[in-house]
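# Structural characterization, general
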Amino acid sequence: MNANDTIIKVLDLKKSFGDIHVLKGINTEIKRGEVVVVIGPSGSGKSTFLRTLNLLEEPTGGIIEFEGIDITDPKTNINLHRQKMGMVFQQFNLFPHMTVLKNMTLAPIKLLGKTKTEAEATALELLDKVGLKDRADAYPSQLSGGQKQRVAIVRALAMNPDVMLFDEPTSALDPEMVGEVLDVMKGLAKEGMTMVVVTHEMGFAKEVADRVIFIDEGIIMEDAPPAEFFGNPKNERLKSFLSKVL
Amino acid sequence: MEVLTLENWLQSAPEWIASFPEWLQNLFFQLYQTFVYQDRWKFFTDGLKITFLVTIGALILGVIIGLIIAIIRTTHDNSKKKPFFLLRFLNWFCNIYLTVIRGTPMMVQLLIMGFVIMVPKSDAGMVVCGIVTLGINSGAYVAEIARSGLMSINIGQTEAGRSLGLSYGQTMWHIVIPQAIKNILPALGNEMITLLKDTSLVSVIALRDVTKQAQNIVSKTYQAYIPYISLAIIYLIIVIILTKLLGILERRLRKSER
């Protein structure tokens, strides 16, 4: 695999809930090591798009190829591919009945066949990287929002994924905690992690993204590097959107 | 067997009792007959053993059955696509079970199990029959409790588990069920108390639980007052103790989360 190969390929992706057509044919490719930020007004389908990438939402049409395999094929064992796609949620979704360490070791022990000692060593290393090593034995309810989200990120990283999906990771945080989570994500990008990030943090998009995608009304309206995306937007809807948020 | 009379008893009883008014003498006599004479308190303790055994056995069975049904029904209801055939069959079967068990009296279920289906011959067989019948009955009620418990867990928990690559079963077992159990514990405690009281019905299949034993004492003394009032007090004390214990357990569980 060379550094520039395609990790996720999306072809004519469609998703409807009953009569409501949320995604109306999305086409894009995400390359290994790329950081793609997805923005759009609320209700535009950007979260749905992200959630179809690991089939948390099952597409009603189109194809998603992950590492060359069509994961929308019912014969594909999606559990195996999800191990390679970490996901971070707006609401953190830590397991409240487990300590931080247990949150992080459950899946590696059950799915990667790691021993408890191995899994805990990896988990502590990751926690150390995000400055939470001393909270390993805490329960999620004892953590602040920013800490919870950092744990959620390293919980996904403990599976050693090939791509990380972020679904509005800072939207549920108090303003003073947004920075600590974005810092972790920036560090991750610097290490070369492939990331797809749905966010409202325009600063993050400008600074970190390789490409910014604007989704509205269920289709990709603009797809450009951040300098061009913010400096010289072509799409009218994007122009009006940016004028509202910037 | 000779029947003890008040006059006979007063001769052997302490003298100070004879100085009491007649109604009080009578009360003491009945207490003596119910608990002391011929070691009759053992009737109650023997009966309580059966009562506890049946309650605990039926509770365990009921929780297992209830959880299985709840999982089948929530899996069926949550599946976005048309569920596969086996699941639809299981769901259909569970619905029949719930309808039948909740639609017929416990007493009738005991009579049918005891005299039509299982027909136990030995003492142990009767205990098993009692446990199975009450367990099956309780399972129907636990199923609804467990279902509400499973549905009370935020969908984000399932999504987080699935997004890590855990299967539906693993996610249920490690993530959803442990949290659901914590949520349903109060309701499950109520079910246990109901079950304890319902065990009084097993006397219809000749199981010698504490209710049956109280009846046995009445049939010996021809005095219903003290045995039955005592029986009620025994149940009441056990229920009060259980309620207190459940409260402590609940508080403990909540603490582990903080």
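Described in the following lines is the structure provided in the data block. Quantities reported herein were computed from a predicted structural model and do not represent experimental measurements. (Residues numbered from 1 in each chain as written. Chains lettered and ligands numbered in written order. Predicted model: local features only at pLDDT ≥ 70, side-chain atom pairs only at ≥ 80, totals over all residues. Heavy atoms only, no water.)

### What to know about the overall build of chain A
In terms of helices and strands, chain A carries 9 helices and 10 strands. Overall, the C-alpha framework of chain A stretches about 55 × 45 × 40 Å when taken along its three principal axes. A buried classification covers 55% of the 246 residues belonging to chain A. Looking at chain A alone, contacts between residues at least 24 apart form 65% of all its contacts between residues at least 6 apart. (Helix = DSSP H or I, 4+ residues; strand = E, 2+ residues; numbered from the N terminus. Buried < 20%, exposed > 50% of the residue type's maximum accessible area, 1.4 Å probe, protein only. Contact = heavy atoms within 4.5 Å.)

### Here's the deal with the packing of helix H4 (residues 41-78) of chain B against helix H10 (residues 210-221) of chain B
All names here are of chain B. Running from N to C, H4 and H10 cross one another at 155 degrees; their axes reach a closest spacing of 7 Å. With respect to each other, H4 and H10 are oriented roughly antiparallel. The hand of the H4/H10 crossing is right-handed. Between H4 and H10, the contacting residues are Phe43, Phe44, Asp46, Gly47, Leu48 and Thr51 on the first element and Val210, Gln213, Ala214, Asn216, Ile217 and Lys220 on the second. When grouped by side-chain class, the residues that make up the contact of H4 with H10 number 6 nonpolar, 4 polar and 2 charged. (Axes fitted to C-alpha atoms, helices over the stretch in contact; angles between N-to-C directions. Parallel < 35°, antiparallel > 145°, perpendicular 65-115°, else oblique. Left-handed = near helix turned anticlockwise from the far one by under 90°. Nonpolar A, V, L, I, M, F, W, Y, C, P; charged D, E, K, R; others polar.)

### Notes on the nonpolar core
Residues and elements named next belong to chain A. In this structure, Leu127, Ile153, Met164, Phe166, Met185, Met195 and Phe229 are the most contacted members of the largest nonpolar core, which totals 52 residues. Here this core takes 8 residues from helix H6 (residues 175-190), the largest share from any one element. Phenylalanine 166 has contacts with Leu50, Val88, Ile153, Met185, Leu188, Met195, Val196, Val197 and Val198, leaving out every residue within four places of it along the chain. Residues Ile8, Val38, Phe95 and Met159 belong to the second largest nonpolar core, which totals 37 residues. (Core = buried A, V, L, I, M, F, W, Y, C linked by side-chain atoms within 4.5 Å.)

### Considerations on the pairing of strand E2 (residues 20-31) of chain A
Residues and elements named next belong to chain A. As paired strands, strand E1 (residues 6-17) and E2 are joined by 9 bridges and run antiparallel to one another. By the bridge assignment for E2, threonine 6 is matched with lysine 31. As consecutive antiparallel partners, E1 and E2 are separated by 2 residues, and within that stretch glycine 18 has a phi angle of approximately 60 degrees, a positive value. (Pairing = 2+ DSSP bridges.)

### Section: the sheet that holds strand E7 (residues 163-167) of chain A
All names here are of chain A. Read across the sheet, 6 strands follow the order E6-E7-E8-E3-E9-E10 without closing on themselves; strand pairing throughout is mixed. The sheet terminates laterally at strand E6 (85-88) and strand E10 (219-224), the two strands that pair on one side only. For this sheet, the mean inter-axis angle between neighbouring strands, taken without regard to orientation, is 20 degrees. Note that E7 and strand E8 (residues 194-198) share 5 bridges and pair parallel. Paired with leucine 165 across the strands is valine 196, a residue of E8. Against the sheet, helix H1 (residues 46-53) contacts strand E3 (35-39), E6, E7, E8 and strand E9 (211-216), and its axis sits at roughly 150 degrees relative to E7.

### Here's the deal with the pairing of strand E4 (residues 61-66) of chain A
Residue and element names in this part refer to chain A. Sheet topology note: the E1/E4 ladder contains 5 bridges and is antiparallel. In the sheet register, valine 10 faces E4, and the bridge partner there is isoleucine 64. In the sheet, E4 pairs with strand E5 (residues 69-70) via 2 bridges, with the strands oriented antiparallel. Bridging from a neighbouring strand, glutamate 65 pairs with aspartate 70 of E5.

### Looking at the interface of chain B and chain A
It is common to give the size of an interface as the accessible area lost on bringing the parts into contact. In this assembly, 22 residues from chain B lie in contact with 27 residues from chain A. Summed over both partners, the interface of chain B with chain A buries about 2,100 Å², with 56% contributed by carbon and sulfur atoms. On the chain B side of the interface with chain A, the three residues burying the most area are Glu159, Ser163 and Leu164 of chain B, jointly 28% of the side's total. For arginine 51 of chain A, the salt bridge identified is with glutamate 159 of chain B, shortest N-O distance 2.6 Å. (Buried area = accessible area lost by both parts, 1.4 Å probe. Salt bridge = Lys/Arg side-chain N within 4 Å of Asp/Glu carboxyl O.)

### Here's the deal with the sheet that holds E4 of chain A
Residue and element names in this part refer to chain A. Strand order across the open sheet formed by 4 strands is E2-E1-E4-E5, with antiparallel pairing between neighbours. The open sheet has two free edges, formed respectively by E2 and E5, since each of these has just one partner strand. Helix-sheet contacts for H1 involve E1, E2 and E4, and the interaxial angle to E1 is about 120 degrees.

### A word on the layout of surface pockets
In this structure, the second largest pocket encloses a volume near 280 Å³. Every residue lining the second largest pocket is counted, 16 residues in all, and those nearest its centre are Asn93, Leu94 and Pro96 of chain A together with Gln157 and Gln179 of chain B. It is helix H9 (residues 168-198) of chain B that contributes the most residues to the lining of the second largest pocket, 3 residues altogether. (1 Å grid on protein atoms, 1.4 Å probe; cavity = no way out; pocket = protein on both sides within 12 Å on 5 of 7 lines; lining within 4 Å. Points joined across faces, edges and corners; volume = space filled by probe spheres on them.)

### Describing a nonpolar patch on the surface
All names here are of chain B. Taken together, Met107, Val108, Leu111, Ile112, Phe115, Val116, Ile117, Met118 and Val128 make up a surface patch of nonpolar side chains, about 760 Å² in accessible area. In terms of residues, the nonpolar patch owes the most to one element, helix H6 (residues 106-117), which gives 7 residues. Counting through the fold element by element, valine 128 comes out in helix H7 (residues 123-151). Looking at valine 128, the relative accessible area reads 42%, which means it is partly exposed. (Patch = residues over 30% accessible without salt bridge, like charges linked within 9 Å, V, L, I, M, F, W, Y side chains within 5 Å. Areas by Shrake-Rupley, 256 points an atom, 1.4 Å probe, with all protein chains shown as cover.)

### With respect to the packing of aromatic side chains
Residues and elements named next belong to chain A. Tallied over the full model, the rule gives 3 aromatic pairs over all chains. Summarising the aromatic geometry, the rings of phenylalanine 214 and phenylalanine 241 are spaced 5.3 Å apart at their centres and angled 40 degrees between planes, so their arrangement reads as tilted. Here phenylalanine 214 is found in strand E9, whereas its partner phenylalanine 241 is found in helix H9 (residues 236-245), with 27 residues between them in sequence. Phenylalanine 214 sits in the buried class, given a relative accessible area of 0%. (Phe/Tyr/Trp six-rings, centres within 6.5 Å; stacked < 30°, edge-to-face > 60°.)

### With respect to the pattern of salt bridges
All chains considered together, the criterion is met by 22 salt bridges over all chains. Residue glutamate 120 of chain A pairs with lysine 116 of chain A through a salt bridge whose shortest N-O separation is 3.5 Å. Of this pair, glutamate 120 of chain A and lysine 116 of chain A both sit in helix H4 (residues 116-129), 4 residues apart, roughly one helical turn. You can call glutamate 120 of chain A partly exposed: its relative accessible area is 23%. The class of lysine 116 of chain A is exposed, set by a relative accessible area of 56%. When salt bridges with common partners are traced through the structure, they connect Arg73, Asp77, Glu144 and Arg147 of chain B into a single cluster.

These results come straight from atomic positions and should not be treated as a statement about function.
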